[in-house]
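Results of the structural survey
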Amino acid sequence: MIQVEKLSKRFNNFTALDGISLHIKQGESFALLGPNGAGKTTLVGILSTLLKPSSGRVLIDSVDIAEEPEEAKRRIGVVSHNPYLYDELTAKENLEFFAELYDSEPDINSLLAQVNLDHRARDMVGTFSRGMKQRLSIARAILHDPSILILDEPTSGLDITSRKAFYSLIKNLKSRGKTILLTTHYLDEARLLCDRGVVLNRGKVVRDIDLQASEALELEDIFEGLG
Amino acid sequence: MNFKHILSVVKKDLRVESRGKETVNFMFLFTFISLLMFNFATDPFSPVLNDVAPGFLWFVFIFAGMLGLSRAFLKEKETGTLQGLSLAPISNDDILYAKIIYNLILMLGIQIIAFPLFIVLFNYNIAGSTLDAFLVLTIGNVGFVVVGSFMSALVMSARSRELVLQIIVLPLLLPVIILIIISLRKVMIDAIPLLSIGEIKLAASYVVIMAVLASLLFDYIMEE
Amino acid sequence: MKFQRKQAVILLAVLWAVVLYAMYQVLFSLGPLSEELLRFEGDPMRHGYKIFFFSMQAAAITYIAFAVVLVGSVVYLRTKNLKWDTIASSSAKVGIVFTTILLVNGAIFSNVGWGAYWNWDPRQTTSLFLWFILAAYLSLRTAVDNIETRARLSAVLGIFGFVGVPLTHISSTIWVSNHPQLYNTAQSSGFSLDKSGLTLFMILMTSFLILYIYMLWLTYKIETQNQIYQNILRGEQ
């Protein structure tokens, strides 16, 4: 469950987020859409505790991220366009290292099998393709069994095959009851993975979207309508 | 402070370094070359050599250390993995402590190789205890690593960071540099035992104060 | 208060007139150092002590400037109000001018008194440290583009540097006792001023202080204008 209440973030005299409120239920998959500079990255930054909000608050499974950031971090897994992996370490060593930081003892081999990388467990991540790194990044994000998965433009720069492999992994996690928050530029991606979403523009929620509704929805039309 | 987390990060950094070895190799080569240059610049039979050599030794470490320092946080910043660390439930202070320990291990490695090399090259006859001289250098290196690691995190988001780092670290270390040179001379020339040198205690307290200050202010460096 | 060119000219003219008058008085009317304080026959300190009238004020202003940097830095980190960062950085800019004056004066004083421009006297070492810290602080600022990042990082450095000041002083006191002695430390003990000397001292001190405050205010204004200008340039996206 993610509860966002009147969240604002100002940089100097630029307002990136302007009083945003959201409620994402447990097990729901939710899309954040919007043009560049709409505030998606800032919102995700705050939710993943990398940024501090100027005002408002965020509850993750009823844990206030400002009061107990470490507790909140244990409940979140983040997959971003940067895989956050060490090129000089093997796939297995990377996962072992992050497992130590989360004080969890996952079955690394089965994690690697889940993302179809068990055959490359002992290879340096530096030799991996981008698609493979991104899959390993999913394994990194779920090794502490978080209830919430934040996907911040995870497929940017991936080719179509890797993207499909990535989608099926996410669908699998979704079916296991994880709450998913996705930011993306691609409407088809949001439709494929999410039930519901909002469009952000200039730091505000401008539209709620039911992504499973049958109405023909073109993201470009929405963005153009924003002016 | 979570020792397990600190240890994990140190282990990870050492492992990453052991794969590429770029920093260690550069640091060692630099130490070797600069010791040779200093050696070449001085007359081996001059009585002055005895006086200036302890200073040389200490400066060589500082400049070699500069090479290693700038990498500790910088590399993680450049590859974005520092953000990955921030996503994990590890406190900022623990990241700092881990980097300090990692840098210290590098410095000690260089010290173990360069110290005997110095004695051979300069044909130096240490008047006091060799162990004491080694310990004085170690305390100096601890101070250097504490201030240096903190400041290398501070300059992460600056342009031409390697240059700015040196401009910031050297003045802040001025007291340590001065006190260590005095102590080194006392050990290496006047054969005074380590524990009766007041300067080394002062240097150690300076290092402790800087370390406390660093852990108090580190959160401000990491926040965005 | 709006910046008025006329006011500035008048203020500076009056200030300079006072300073020049006081300088003239110090150099030509003030008596030499009393005989019992002289170390030997023909001691250059007989009149050389007068440099003290200028280096002392520069030192006081340097410390004030540093304290303002510290306060600005601490308050900035607490409130995140960029005004305080501008105050700190303006004070550093003005402070480095006075620290340079202090260093040059100190070197001249040292040469007259002890025969060497640089002798690692504790006060010299400390002022050198101050100069380096301010230089480092200002260099860091030029190397960071984002306004808030710059403010945050330089505030941390400002605090770090300030704590270094007393420590540098202590360690250089010890350093001097080990360093080849250029002078007799007993001679650095103070001397008393007569009434006219004290008046001149206070006049100079006040003028320096006014000059510092005025320069600080001016720099602060310029910095603030500059930030507004930068924001307009960025098109307030």
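Check the entry above for the structure.
To start, this report covers the structure provided alongside it. Source: prediction; values computed, not measured.

Calculation notes
- Residues numbered from 1 in each chain as written.
- Chains lettered and ligands numbered in written order.
- Predicted model: local features only at pLDDT ≥ 70, side-chain atom pairs only at ≥ 80, totals over all residues.
- Heavy atoms only, no water.
- Helix = DSSP H or I, 4+ residues; strand = E, 2+ residues; numbered from the N terminus.
- Contact = heavy atoms within 4.5 Å.
- Areas by Shrake-Rupley, 256 points an atom, 1.4 Å probe, with all protein chains shown as cover.
- Rg over C-alpha atoms; globule rule 2.2 N^0.38 Å.
- Buried < 20%, exposed > 50% of the residue type's maximum accessible area, 1.4 Å probe, protein only.
- Lys, Arg positive; Asp, Glu negative; His and termini not counted.
- Charge placed at Lys NZ, Arg CZ, Asp CG, Glu CD.
- Salt bridge = Lys/Arg side-chain N within 4 Å of Asp/Glu carboxyl O.
- Buried area = accessible area lost by both parts, 1.4 Å probe.
- Polar contact = N/O pair within 3.5 Å; in protein donor to acceptor, adjacent residues only side chain to side chain.
- Pairing = 2+ DSSP bridges.
- Axes fitted to C-alpha atoms, helices over the stretch in contact; angles between N-to-C directions.
- Patch = residues over 30% accessible without salt bridge, like charges linked within 9 Å, V, L, I, M, F, W, Y side chains within 5 Å.
- Left-handed = near helix turned anticlockwise from the far one by under 90°.
- Nonpolar A, V, L, I, M, F, W, Y, C, P; charged D, E, K, R; others polar.
- Parallel < 35°, antiparallel > 145°, perpendicular 65-115°, else oblique.
- Core = buried A, V, L, I, M, F, W, Y, C linked by side-chain atoms within 4.5 Å.

**A closer look at the overall build of chain C**
Looking only at helices and strands, chain C features seven helices and zero strands. Shown N-terminal to C-terminal, the secondary structure of chain C runs as helices and strands in the order α-α-α-α-α-α-α. Nonlocal contacts in chain C, meaning residues at least 24 apart in sequence, comprise 77% of its contacts between residues at least 6 apart. Of the roughly 12,200 Å² of accessible surface on chain C, 67% is carried by carbon and sulfur atoms.

**Notes on the overall build of chain B**
Along the backbone of chain B there are nine helices and zero strands. When the helices and strands of chain B are placed in sequence order, the string is α-α-α-α-α-α-α-α-α. The C-alpha atoms of chain B give a radius of gyration of 18 Å, which matches the 17 Å a tight globule of 224 residues would have. Taken along its principal axes, the extent of the C-alpha atoms in chain B is 60 × 35 × 30 Å. A total of 224 residues make up chain B; the buried ones form 55% of that total. Partitioning the intrachain contacts of chain B with sequence separation of at least 6 by distance along the chain shows that 80% fall at a separation of at least 24. Of the roughly 8,900 Å² of accessible surface on chain B, 69% is carried by carbon and sulfur atoms. Side chains of chain B give 15 positive and 16 negative charges; the mean places of these two sets differ by 7 Å.

**Details of the pattern of salt bridges**
This model, assessed by the stated rule, comprises 25 salt bridges over all chains. For the salt bridge of A:Asp61 with A:Arg75, the shortest nitrogen-to-oxygen distance reads 3.9 Å. Separated by 14 residues along the polypeptide, A:Asp61 in the loop between β4 (55-60) and β5 (63-64) and A:Arg75 in the loop between α2 (69-74) and β6 (76-79) bring together distant segments of the chain. Accessibility expressed as a relative area gives 26% for A:Arg75, which makes it partly exposed. Residues joined in a network through salt bridges with shared partners are B:Lys12, B:Asp13, B:Glu76 and B:Lys99.

**Thoughts on the interface of chain B and chain A**
Tallying the contact residues gives 25 residues for chain B and 24 residues for chain A. Carbon and sulfur atoms make up 60% of the surface buried where chain B meets chain A, a total of about 2,400 Å² over both sides. Across the chain B-chain A interface, the total number found is five salt bridges. Between A:Glu93 and B:Arg19 there is a salt bridge; the shortest N-O distance is 2.9 Å. Viewed at the interface, chain A and chain B are joined by 13 residue pairs in polar contact (both at pLDDT 80 or more). Counting only elements with at least two residues in the side of chain B that touches chain A, the list comes to α1 (3-20), α3 (48-79) and α4 (81-87) of chain B. Here the element with the most residues in the side of chain B that touches chain A is α1(B); it accounts for nine residues.

**Examining the sheet that holds strand β1 (residues 2-11) of chain A**
Residues and elements named next belong to chain A. Reading across from one edge, β2-β1-β4-β5 is the order of the four strands in this open sheet, with antiparallel pairing throughout. Edge strands, defined here as strands with exactly one partner in the open sheet, are β2 (14-24) and β5. Where β1 lies against β2, seven bridges are found, and the strand directions are antiparallel. Residue pairing in the sheet places Ile2 in a bridge with Ile24 of β2. In this fold helix α1 (residues 40-47) packs onto β1, β2 and β4, with an angle of close to 120° to the strand it touches most, β1.

**Focus: the interface of chain C and chain B**
Taken residue by residue, the interface counts 30 residues in chain C and 31 residues in chain B. Here chain C packs against chain B, burying approximately 2,800 Å² in sum over the two surfaces, 79% of which is carbon and sulfur. Viewed at the interface, chain B and chain C are joined by one salt bridge. The partner of C:Asp145 in a salt bridge is B:Arg159, and the shortest N-O contact between them spans 2.8 Å. Here chain C is connected to chain B by five residue pairs in polar contact (both at pLDDT 80 or more). Going through the elements one at a time, α5 (122-143) and α6 (147-178) of chain C are the ones with two or more residues in the side of chain C that touches chain B. No other element matches the 17 residues that α6(C) contributes to the side of chain C that touches chain B.

**Let's talk about a nonpolar patch on the surface**
Residue and element names in this part refer to chain B. Taken together, the side chains of Phe26, Phe30, Phe59, Phe63 and Leu67 define a hydrophobic patch exposed on the protein surface, amounting to about 450 Å² of accessible area. Those elements that place two or more of their residues in the nonpolar patch are α2 (22-41) and α3. Secondary-structure assignment places Leu67 in helix α3. Its relative accessible area of 36% is what places Leu67 among the partly exposed residues.

**Topic: the side chain of A:Asp64**
All names here are of chain A. Structurally, Asp64 is set in strand β5. Residue class for Asp64 comes out buried when judged on its relative accessible area of 9%. In this structure the side chain of Asp64 is engaged in a polar contact, spanning 2.9 Å, whose partner is the backbone nitrogen of Ala66. Not counting residues up to four positions away in its chain, the partners in contact with Asp64 are Arg57, Val58 and Leu59.

**Thoughts on the packing of α3(B) against helix α5 (residues 92-121) of chain B**
All names here are of chain B. α5 packs onto α3 with a crossing angle of 145° between their chain directions and a minimal axis gap of 10 Å. The handedness of the crossing between α3 and α5 comes out as right-handed. Where α3 abuts α5, its residues Ala53, Leu57, Phe61, Gly65, Gly68, Leu69, Ala72, Phe73 and Glu76 lie against Ile95, Leu96, Lys99, Asn103, Met107, Ile110, Gln111, Ala114, Phe115 and Phe118. A breakdown of the residues in the contact of α3 with α5 according to their chemical character gives 13 nonpolar, four polar and two charged.

**Quick notes on the packing of helix α1 (residues 5-29) of chain C against helix α7 (residues 195-233) of chain C**
Residues and elements named next belong to chain C. One can describe the packing of α1 onto α7 by two numbers: an axis separation of 10 Å at closest approach and a directional angle of 150°. Here α7 runs roughly antiparallel to α1, going by the angle between their axes. Handedness of the α1/α7 crossing: left-handed. Contacts from Ala8, Leu11, Leu12, Leu15, Val18, Val19, Ala22, Gln25 and Val26 of α1 reach α7 at Leu200, Ile203, Leu204, Ser207, Ile210, Leu211 and Tyr214. Within the contact of α1 with α7, the residues separate by chemical class into 14 nonpolar, two polar and no charged.

**So, the nonpolar core**
With 154 residues, the main nonpolar core has A:Leu136, B:Trp58, B:Phe150, B:Met151, B:Ile168 and C:Leu140 as its most contacted residues. Sort the elements by how many residues they give to this core and α3(B) lands first, with 12 residues. The residues contacting B:Ile168, other than those within four sequence positions of it, are B:Met151, B:Leu154, B:Val155, C:Ala136, C:Leu140 and C:Leu157. Judged by nonpolar contacts, the second largest core, of 30 residues, contains A:Leu7, A:Leu43, A:Ile65 and A:Leu200.

**Quick word on the side chain of B:Lys12**
For B:Lys12, the position within the fold is in helix α1. You can call B:Lys12 buried: its relative accessible area is 4%. Polar side-chain contacts of B:Lys12 include one of 2.5 Å to the side chain of B:Glu76. If sequence neighbours within four positions are ignored, B:Lys12 has contacts with A:Tyr86, A:Leu89, A:Phe97, B:Glu76 and B:Lys99.

**Thoughts on the pairing of strand β9 (residues 196-201) of chain A**
Residue and element names in this part refer to chain A. Counted residue by residue, β9 has five buried out of six residues, so it is predominantly covered. Where β9 and strand β10 (residues 204-210) come together, six bridges link them in antiparallel fashion. Residue pairing in the sheet places Val198 in a bridge with Asp208 of β10. Linkage of β9 to β10, two consecutive antiparallel strands, is achieved through a turn of two residues, within which Arg202 is found at a positive phi near 45°.

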